[in-house]
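# An overview of the molecular structure
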Amino acid sequence: MPPFISSLQSRINMFFDSFFGLTHRFKILILSGVSEALTIPRWFSICFKKDLGAGDENIARITWDSEKRQITNIVFFEEGLRFKCKRCAVLCCKLGGPKVSEKDVERLKEAGYKDMDFLDTAIDKEVKPRSIKEGVLKQKMDGSCIFLQYDGRNKLYKCGVYDLRPASCRLYPFEFEVLEPKTVMLKFIPCCNGLNTHSGALVDKKFIEEHLLESILKSL
Ligand code: SF4
Ligand code: SF4
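Structural notes, computed from the coordinates. What you are looking at is a predicted structure, and each value in this text was computed from that prediction instead of being measured. (Residues numbered from 1 in each chain as written. Chains lettered and ligands numbered in written order. Predicted model: local features only at pLDDT ≥ 70, side-chain atom pairs only at ≥ 80, totals over all residues.)

## Some remarks on the sheet that holds strand β6 (residues 135-137)
By way of backbone hydrogen bonds, the strands of a sheet pair with one another, either parallel or antiparallel. What the 3 strands build is an open sheet, ordered β4-β6-β5; its pairing is antiparallel. One side of each edge strand has no neighbouring strand; the edge strands of this open sheet are β4 (99-100) and β5 (119-120). (Pairing = 2+ DSSP bridges. Helix = DSSP H or I, 4+ residues; strand = E, 2+ residues; numbered from the N terminus.)

So this is what it looks like as structure tokens:
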């Protein structure tokens, strides 16, 4: 046998010996990483998008029926994207207070919150008071949103106003660009630990209809 083949064979044997010597937990971690890399066709999607002149963050062009509140046409530019929130809050709720719309402010006020307690009224660079339309939620000293809470028992973060949270929080890590009345381009925001998680939900038509469409319609 040529020396390079026997050297390769011994390296493969060493790899398998080391792999099977690992604890069960490490084996699962490695296998899930490999399967994640193999099953998500990101590179194919990126090439496909470039052919169509679409941006890397574009997921799908969506058109809907306003009365039925259902998608009537959808063209995907990102196939196989998965998402599962890990409740880490690192790349969303700890980066300052999110933008709020007038509707968001009204919803919180109707629930009994006083706008002076949650709305950041700091003046901007042009020394103009912020209007409610372009306001943000207040933040704590560490830059996290005023409503962010930590569940120490489960080591997870949670939103203290989950059912009332602003539209931008409902959509995160997704956003949209209006293309025509009743047509938007759905995009993802790459800064999120929950994107491309192997155990995450597939971002397909069903996911968009169930989790995103209503928030998009309410934000328009
Ligand atoms: S949306 Fe993303 S960054 Fe925010 S808590 Fe969930 S996984 Fe973490
Ligand atoms: S309102 Fe809730 S979801 Fe939005 S940034 Fe604050 S804690 Fe996070």
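## Topic: the sheet that holds strand β1 (residues 58-65)
A sheet is described by the order of its strands in space; here 4 strands give the open sequence β2-β1-β10-β9, paired in antiparallel fashion. Where the open sheet ends on each side, the last strands, each with one partner, are β2 (70-76) and β9 (174-180). The mean inter-strand angle of the sheet, taken between neighbouring strand axes irrespective of direction, is 30°. Bridge analysis of β9 against strand β10 (residues 183-188) gives 6 bridges, and the strand direction is antiparallel. Among the inter-strand pairings, Glu177 is bridged to a residue of β10, identified as Met185. In the packing of helix α7 (residues 205-219) onto the sheet, contacts are made with β1, β2, β9 and β10, and the angle to β2 comes to roughly 115°. (Axes fitted to C-alpha atoms, helices over the stretch in contact; angles between N-to-C directions. Contact = placed C-beta atoms within 7 Å.)

## Topic: the site of ligand 2
Around ligand 2, a shell composed of Cys93, Pro98, Leu137, Cys145, Phe147, Leu148, Cys159, Val161, Arg165, Pro166 and Cys169 is seen. For the shell around ligand 2, the residue count by class is 10 nonpolar, no polar and 1 charged. (Near = placed C-beta within 6 Å. Nonpolar A, V, L, I, M, F, W, Y, C, P; charged D, E, K, R; others polar.)

## What about the site of ligand 1?
Inspection of the region around ligand 1 gives 13 residues, with Cys85, Leu91, Cys92, Cys192 and Gly194 positioned closest. Looking at the shell around ligand 1 residue by residue, the classes come out as 9 nonpolar, 2 polar and 2 charged.

## Quick notes on the environment of Pro173
Structurally, the position occupied by Pro173 is in the loop between α6 (167-171) and β9. With 17 C-beta atoms packed within 10 Å, Pro173 lands in the partly exposed category. Put simply, Pro173 and Pro190 are 17 residues apart on the chain and 7.5 Å apart in space, counted from C-alpha to C-alpha. Residues in contact with Pro173, not counting those within four places in the same chain, are Phe188, Ile189, Cys192, Gly194 and Leu195. (Buried ≥ 20, exposed ≤ 12 C-beta atoms within 10 Å, placed from the backbone.)

## Describing the nonpolar core
With 31 residues, the main nonpolar core has Ile59, Ala60 and Leu186 as its most contacted residues. Looking at which element gives the most residues to this core, the answer is β1, with 4 residues. There are two domains that each give this core at least three residues, and those are domain 2 (41-92 + 172-220) and domain 3 (96-160). (Core = buried A, V, L, I, M, F, W, Y, C linked by C-beta atoms within 7 Å. Domains from an automatic or database assignment.)

## Thoughts on unusual backbone geometry
Of the consecutive residues Tyr172 and Pro173, the connecting peptide bond is found in the cis state with omega at 5°. Despite not being glycine, Arg69 has its phi angle at roughly 50°, a positive value. Within the secondary structure, Arg69 is located in the loop between β1 and β2. The phi torsion at Lys155 lies on the positive side, around 55°, for a residue other than glycine. With respect to the helices and strands, the residue Lys155 is situated in the loop between β7 (148-151) and β8 (156-159).

## Structural notes on the pairing of β2
As judged from the 6 bridges shared by β1 and β2, these two strands associate in the antiparallel manner. Residue pairing in the sheet places Thr63 in a bridge with Asn73 of β2. Linking β1 back to β2 in an antiparallel pair, the connection comprises 4 residues, with Arg69 at a positive phi of about 50°.

## Describing the pairing of β7
Regular strands place their side chains on alternate faces of the sheet. In terms of strand pairing, β7 meets β8 through 4 bridges, oriented antiparallel. Its bridge partner lying in β8, Gln149 is registered against Lys158. Where β7 hands over to β8, the hairpin turn is made up of 4 residues, of which Lys155 adopts a positive phi near 55°.

## A word on α7
One turn of an α-helix holds 3.6 residues; hence residues three or four places apart share an orientation. When the local axis directions of α7 are compared, the greatest deviation, roughly 55°, occurs at Leu212. What α7 keeps buried is the set Ile208, Leu212 and Ile216. On its buried face, α7 is in contact with β1, β2, α6, β9 and β10. (Bend = angle between axes of the 7 residues up to and from the residue.)

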